[in-house]
Amino acid sequence: MAMSRVNRRQGIVALVSFLAGMLIQVFFNAYEVEVYDGWPAITAYSCPTRVRVAGNCSCHDLRSQLTTCQQRKFVTNFKSCHVPIQKTKTDLKGPKKIFLDCGANVASSVQLFRDTYPEGHDYVIHSFELDERLRPYFAPYSNHVLHCPTAVSDTNGEMTAYSESAWSPDKGLNNWRDMQWGGGTLYVDEWEKQDKDTGGRRKLSHRKSVPTVDLSQWIQANFAVEDDIVFKLDVEGAEYAILKTMLKENTFRWIDKFYGEFHPKQPTGFSTEEKDQLMDELTKNNIRQLTWEAETQYYEDIEDLHESQVSKPRQTI
């Protein structure tokens, strides 16, 4: 009899604890608690999904966010609350360490830089991406500033961004290959532009007007020549106008290392002669672009920056 009362009491305690936990979970899914001037402030979430990022982790892990996205077929409306609050090391004295990730895609360059570049975790990363559906990929990263949707360009204004459609079993080949490119561009052929249903050979059917930023002016306005800036530019053709402006305005004085990729076949309006002239200008000014391929976890000087710790075998005579 006594044992029965103990079990009943333990069951009641467990039930009350469970219900209290459920109420707390419901509360924190609906409200945000922050501290202002030493006092707690409670505000309702405005996010369409209940994922909050704090530092390098989230209250619910990122998979739950992506699961919600998959239920909606693709990411369509993630508000700024899904991007970590900028955490910059303001107490550091001297030049800033900056990684400019232009053409950020699914944060593969952020991951590669953080994981492999010397002192990569000390750099503040600025990522520019024109496809707003890719915002959730950046959620786990701190000391990071996401500009999305924003396209780098040689002018401030707005342009139409053409991005790949979401994957589906009947999507077909992309650029004649079975792949999900996941990319976007400001420059398309006329027949790709006219094909609004499938988006042409690159499946660029997701279209949206996005703000553009004059990258040359933005760099000069936000950083000092003394800052340590690693610059990665992979923007599907927009690099020609950007680099031409950077050369004209002497913006490479701000750049310490230059990574990226050229896209000579993109319909940018630059003739072959103009592209060759730009390459000659870069060479004349001792500006060399090193290869950066985040999708294959490679950049050109990765082995030079990471000396092998494996001893060489002794040579026998």
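In what follows, the structure referred to is the one given above.
Per chain, the residues get numbers from 1 upward, laid out in the order the sequence is written. Reporting of local features is limited, given that this is a predicted model, to residues whose pLDDT is at least 70; pairs of side-chain atoms are given and counted only at 80 or more, and all residues count toward the totals for whole chains, interfaces and linings. With hydrogens and water set aside, each side-chain value is computed from the structure's full complement of heavy atoms.

**Topic: the sheet that holds strand β8 (residues 151-153)**
What counts, and what does not: Paired strands are those between which DSSP finds at least two bridges. Numbering of helices and strands starts at the N terminus; helices are DSSP runs of H or I of at least 4 residues and strands are runs of E of at least 2. We call two residues in contact whenever any of their non-hydrogen atoms come within 4.5 Å of each other. Axes, fitted as lines to C-alpha atoms, cover a helix only where it is in contact. Angles between the N-to-C directions of the axes lie from 0 to 180 degrees.
A sheet is described by the order of its strands in space; here 4 strands give the open sequence β8-β11-β9-β10, paired in mixed fashion. What marks the edges here is a single partner per strand, and that holds for β8 and β10 (184-185). Note: strand β9 (residues 157-163) against strand β11 (residues 206-214), 7 bridges, orientation antiparallel. Along β11, the bridge assignment pairs methionine 159 with valine 210. Along the sheet, helix α5 (residues 215-222) makes contact with β8 and β11, crossing β11 at roughly 50°.

**Observations regarding helix α7 (residues 272-284)**
Residues three or four positions apart in an α-helix share a direction because the helix packs 3.6 residues into each turn. Here is the rule we go by: Every helix has an expected span of 1.5 Å times one less than the residues it contains. Partly exposed describes any residue whose relative accessible area lies between the buried limit of under 20% and the exposed limit of over 50%, with all areas from a 1.4 Å probe on protein chains only and scaled to the type maximum. Here the arc refers to the set of directions running from the helix axis out to each C-beta atom.
Helix length check: α7 (13 residues) gives 18 Å between terminal C-alpha atoms against 18 Å at 1.5 Å per residue, within 8%. When α7 is considered as a whole, its buried residues turn out to be Lys275, Leu278 and Leu282. Projected down its long axis, α7 carries its buried residues within an arc of 60°, all on one side. Away from its buried face by more than 90 degrees, α7 exposes Thr272, Glu273, Gln277, Asp280, Thr283 and Lys284. Packed against the buried residues of α7 are α6 (239-248). Of the residues flanking the end of α7, it is asparagine 286, one or two places downstream, whose phi is positive at about 55°.

**Things to note about the packing of α6 against α7**
The following threshold applies: Throughout this description, any angle smaller than 35 degrees is read as roughly parallel, any larger than 145 degrees as roughly antiparallel, any in the 65 to 115 degree range as roughly perpendicular, and the remainder as oblique. By definition, any crossing whose near helix is turned counterclockwise from its far helix by less than a right angle is left-handed, and any crossing with a clockwise turn is right-handed. Residue type decides the class: Asp, Glu, Lys and Arg count as charged, Ala, Val, Leu, Ile, Met, Phe, Trp, Tyr, Cys and Pro as nonpolar, and the leftover types, Gly among them, as polar.
Taken N-terminus to C-terminus, the directions of α6 and α7 make an angle of 40°; their axes are 11 Å apart at the nearest point. The angle between α6 and α7 falls in the class oblique. The handedness of the crossing between α6 and α7 is left-handed. In contact with Tyr240, Leu243, Lys244 and Leu247 of α6, α7 contributes Lys275, Leu278, Glu281 and Leu282. Tallied by class, residues from the contact of α6 with α7 come to 5 nonpolar, no polar and 3 charged.

**Regarding the pairing of strand β5 (residues 97-102)**
The buried count for β5 comes to 5 of 6 residues, which makes it a mostly enclosed element. Taken together, the 6 bridges between β5 and strand β12 (residues 228-233) define a ladder with parallel strand orientation. Directly across from leucine 100, in β12, lies its bridge partner phenylalanine 231. Summarising the sheet, β5 and strand β6 (residues 124-128) pair through 5 bridges and their orientation is parallel. Directly across from phenylalanine 99, in β6, lies its bridge partner isoleucine 125.

Honestly, that's just the spatial picture; any functional story needs more than this.
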